[in-house]
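# Structural overview
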Amino acid sequence: MSFNNKPTLTFVFLTFLFFGHSQEFSISGKVVDVDSQPVSYANIVLSLTEGGSFVKGTSTNDDGSFKIESISEGSYTLNITFIGYKTITQELNVTSNTELKPFILLEDSETLGEVNIIAKKPSLTRKPDRLIFNVANTALIEGSTLQVLKNTPGVIVTDGSINIKSAPAAVYINERKVQLTTDEVIQLLESAPANSIQSVEVITNPHASYDADSGSVINIIMSKNLVTGYRGSIFGNYTQGVFPRYNGGTSHFFKNNKINLNLNYSYTNEKINRKNDERINYLNPDLTTDEFWDSDINRVTRSEIHNLNLNFDYFISDKSTLSLTSTGLYLPFFRYAINNNTRIFDANGDFDSRFTADNLSRDDKYNIGSDINFRHQINDKSSFSVGGHYTTYNYERDQSVLSNFFDDNNDFVNDSEFRTDADQDTEIINGKIDYNMNPSETSSFDVGLKYSNVTTQSSIFRYNTINGSESLDTANSNLFDYDEKVYAGYLNYSKSWEKVELGLGLRAEQTNVEGVSVTLNETNTQDYLEWFPNASLSFQVAENLDLYGNYKRSITRPDYATLNPFTFFLNENTVIVGNPNLQPTFTDHFIFGTNFLKHFAFEFYYINYDGAINEIPRQDNDTNIIAYTPVNLDKVVDYGFDLQFYYGTNRWNIFALNSVYNMTEEVDFGSDSVELSQWSNLSILSGGLSLLEDNSLNINLSLLYATKYLQGLAFIDDLFQSDLAISKSLWNKKAVISLSATDLFNMQDKSISINYLNQSNSRLNNVDNRTVKLGFRYNFGNTKLNTNERTTDVEERNRLQGQSN
């Protein structure tokens, strides 16, 4: 062989090696349902048959197709998963480009002692302690997270509150408690897109790992995906109420084999109107009317709010993950104007005098909380996690009030002017450790410890203006320091058999509280150890019939601001007064129920509140001052019967609930006692409809009707709540345009009356809740990714409050 031929032979040999050992292939296929309709966003995961190591992953396109490229020759295992359907597993021997036959997904109905109401989506699953509303890949996730909650069975969102029926609910995301006040939570959920929500859990009996302050819980589960890459979105909303409101934001998510990074930002600019018509009947000692005051009160709030949420996960190894979560709220502009015109009449209805009070407040607030958490999977049966949290919260209010007084001829008499500076600084620090063990496939055991410390420094200074000069009003100024420490421990155990499920839990919390009124030289302390058991039991009698019962004891601690003894004047005759002697509320909650005929549930419940905290108006018939102050009611009992129905298909779904219940409230004011009782009815009807061949046009309607009911020694007349939402997906689901309307029939305003002992007053709250909203969202990047979005896990932050009256 000549030397000149060697380069040619070398090239041929290397080419043979390259193609013989480095050739790569592709795997493609399609996923459909039993009706041969394409299934989009199904997870496709390819792993090595030997050892099970992950190789590549993708998800199906809108037409159900998928393709995995750059695959070397070898033996692989292909897994196809989609929420609510059985997993498909197929072994592959790849030697060339492989075109697979269509895969048919079958619905998965799990029956571990629970009743599932199966639909293609959304679907409803009832367990002894909770209801699970599955919404992944449905029309409901085209709007905001708050819109999903409004359509979740059993959840009531109205007038600045989120309730499970009549009970306030703590909101969690991925088992982590949202750390904001109720108003801030609603604002956050309204601005957060819902496209990554998998399900919503309505938990009436949270197990002992939840804080004892979590009597009822709404847990929003965000879906997860193995697909790596980048995804982002931008959105904007325009809302027209009495005044226009604007909201916009952006979300970004990046994932690779080592990290998850999620960043969300939103900006809200809004102007909200609220009108109150109030009457106070000031009484003589014999309870006859001395005079009555009619007030027309108009409140206008203007604000700018910035929300920022950061989530970061670092996968140290296959078994260890380090997570950082930080949420910030900044309120650089808040203007709160109250215009009050009060007319005073004698007992015969003759005009006596009047006054006007103009109140202007400007607020500045920030609320920043951060969590760090480390989780380690010890083995297939056990894991532990350790975490810490820090919050800093600052709230400042500068208030100016000018009152003008007129006589019976409507001639000016005199005026009164004062200014108030109030602020609150709060720090929250806590740490916790949790351990989980699964002794068997049908049992689990959890144990954990937690420590939290809350410190608050508050001040209020009132300055009276006389002849143009300000002077400090020491009688209505004060400093208040608050310190709270809670030491907690818990354990949970659950076990399931063929037809029985059992859950047991116990939590203990030692609480030490000290509140010091510096100016008044008063100190209030609380020191108590309390136990919080919970239990649930279910028994499957037949295929479509099961029985269940559960019990939960919980605590509601006072908000930090309500313990502050300050007197905050809205005007010379209306004040807000704190109560440093408030005690926590202890709640015992019993439920007994049955699921039957696949789509129905019937429950009897009984809730006893020992020392329920309510802010109530107390009129002083001698000074003609009405004071809004929080008090402990001695006893509140709520019991009733609920009937629920749910049915759904891939095109439509409907939920109906009817609750007949009795509310009884008792309180002793020292010289007199009060007992009030009221039977009421609550009815909810909600449904969704998907139109067009690709289900891209969606309509959701929610209706709620409540008859006269009792709350905080006040009777609220009938009200009717109605919401309509329409959305249309565009450009292969790259974009969504939405239109929604609230209070369609203008029947959502509350008419409230109080009439007991020497208290007689009423008001009509005309809240700015009749709105029309137009929204648009555009998705970019790999739109098949799902986020790690969550918020921080601190129940103490939910008790942060500023003056909001």
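Provided above is the structure to which this section pertains.
In this report, the structure presented in the accompanying data block is examined. Quick caveat, the model's predicted, so the values are computed rather than measured.

## Overview of the sheet that holds strand 36 (residues 612-620)
One open sheet holds the 4 strands; their spatial order is 32-33-37-36, and the pairing between them is mixed. At either margin of the open sheet sits one strand with a lone partner, and together these are strand 32 (567-571) and strand 36. Adjacent strand axes in the sheet meet at a mean angle of 25°, parallel and antiparallel pairs treated alike. One ladder, built from 9 bridges, connects strand 36 with strand 37 (residues 625-633); its direction is antiparallel. In the sheet register, Ile613 faces strand 37, and the bridge partner there is Asn632.

## Considering the pattern of salt bridges
Under the criterion given, the structure shown has 14 salt bridges. Where Asp768 meets Arg245, a salt bridge forms, and the shortest distance between an N and an O atom there is 3.3 Å. Taken together, the residues Asp768 in the loop between strand 47 (759-767) and strand 48 (772-781) and Arg245 in strand 20 (residues 244-255) connect sequence positions 523 residues apart. Look at Asp768 and you get buried, because its relative accessible area is 7%. With a relative accessible area of 14%, Arg245 lands in the buried category. With its nearest N and O atoms 3.1 Å apart, the salt bridge here joins Asp296 to Arg343.

## Observations concerning the side chain of Thr239
Examined against the element boundaries, Thr239 turns out to sit in strand 19 (residues 229-240). Non-local contacts of Thr239, meaning those with residues more than four positions away in its chain, are made with Pro244, Arg245, Thr771, Val772 and Lys773.

## So, the side chain of Ser517
If you trace the backbone, Ser517 turns up in strand 29 (residues 500-517). Ser517 gets classed as buried once you look at its relative accessible area, which sits at 3%.

## Describing a negative patch on the surface
Together, Asp364, Glu396, Asp425 and Glu427 make up a region of like negative charge exposed at the surface. Structurally, Glu396 is set in strand 25 (residues 382-406). Under the relative-accessibility criterion, Glu396 is labelled partly exposed at 39%.

## As for the environment of Asp718
In this structure, Asp718 sits in the loop between strand 43 (714-716) and strand 44 (719-730). Judged by relative accessible area, Asp718 falls into the partly exposed class, the value being 42%. Between the alpha carbons of Asp718 and Thr707 there is a distance of 4.3 Å; along the sequence they are 11 residues apart. Each residue touching Asp718, except ones within four places of it in the same chain, is listed here: Tyr705, Ala706, Thr707 and Lys708. Engagement of the side chain of Asp718 in a polar contact is seen with the backbone nitrogen of Lys708, the distance being 2.9 Å.

## Description of the environment of Tyr647
Relative to the helices and strands, Tyr647 is located in strand 38 (residues 635-648). Residue class for Tyr647 comes out partly exposed when judged on its relative accessible area of 31%. Excluding its chain neighbours within four sequence positions, the residues that come into contact with Tyr647 are His599, Trp652, Asn653 and Ile654.

## Concerning the sheet that holds strand 5 (residues 74-81)
Spatial strand order, 3-2-5-6: 4 strands in an open sheet with antiparallel pairing. In this open sheet, the two edge strands, each paired with only one partner strand, are strand 3 (54-59) and strand 6 (88-94). Across this sheet, the average inter-strand angle for adjacent strands is 20°, counted without regard to direction. As judged from the 7 bridges shared by strand 5 and strand 6, these two strands associate in the antiparallel manner.

## Examining the nonpolar core
Core analysis: the biggest nonpolar cluster contains 60 residues, and Leu149, Ile162, Leu189, Ile197, Ile218 and Ile220 have the highest contact counts within it. With 5 residues, strand 39 (residues 652-668) is the largest single contributor of residues to this core.

## What about the packing of aromatic side chains?
What characterises a pair of aromatic rings is the spacing of the ring centres plus the angle enclosed by the ring planes. A full pass over the atoms with the stated rule returns 29 aromatic pairs. Seen from their ring centres, Phe532 and Phe586 are 6.4 Å apart, and the 20° between their planes marks the pair as stacked. Of this pair, Phe532 sits in strand 30 (residues 522-542) while Phe586 sits in strand 34 (residues 585-596), placing them 54 residues apart in sequence. Like Phe586, Phe532 is buried. A connected cluster of aromatic rings, assembled from ring pairs, spans Tyr230, Trp731, Phe776, Tyr778 and Phe780. One cation-aromatic arrangement involves Lys271 over Phe243; the distance from NZ or CZ to the ring centre is 4.1 Å.

What counts as what
Residues numbered from 1 in each chain as written. Predicted model: local features only at pLDDT ≥ 70, side-chain atom pairs only at ≥ 80, totals over all residues. Heavy atoms only, no water. Pairing = 2+ DSSP bridges. Helix = DSSP H or I, 4+ residues; strand = E, 2+ residues; numbered from the N terminus. Axes fitted to C-alpha atoms, helices over the stretch in contact; angles between N-to-C directions. Salt bridge = Lys/Arg side-chain N within 4 Å of Asp/Glu carboxyl O. Buried < 20%, exposed > 50% of the residue type's maximum accessible area, 1.4 Å probe, protein only. Contact = heavy atoms within 4.5 Å. Patch = residues over 30% accessible without salt bridge, like charges linked within 9 Å, V, L, I, M, F, W, Y side chains within 5 Å. Areas by Shrake-Rupley, 256 points an atom, 1.4 Å probe, with all protein chains shown as cover. Lys, Arg positive; Asp, Glu negative; His and termini not counted. Charge placed at Lys NZ, Arg CZ, Asp CG, Glu CD. Polar contact = N/O pair within 3.5 Å; in protein donor to acceptor, adjacent residues only side chain to side chain. Core = buried A, V, L, I, M, F, W, Y, C linked by side-chain atoms within 4.5 Å. Phe/Tyr/Trp six-rings, centres within 6.5 Å; stacked < 30°, edge-to-face > 60°. Lys NZ or Arg CZ within 6 Å of the ring centre and 35° of its normal.

None of the figures reported here should be taken as evidence of function without further support.
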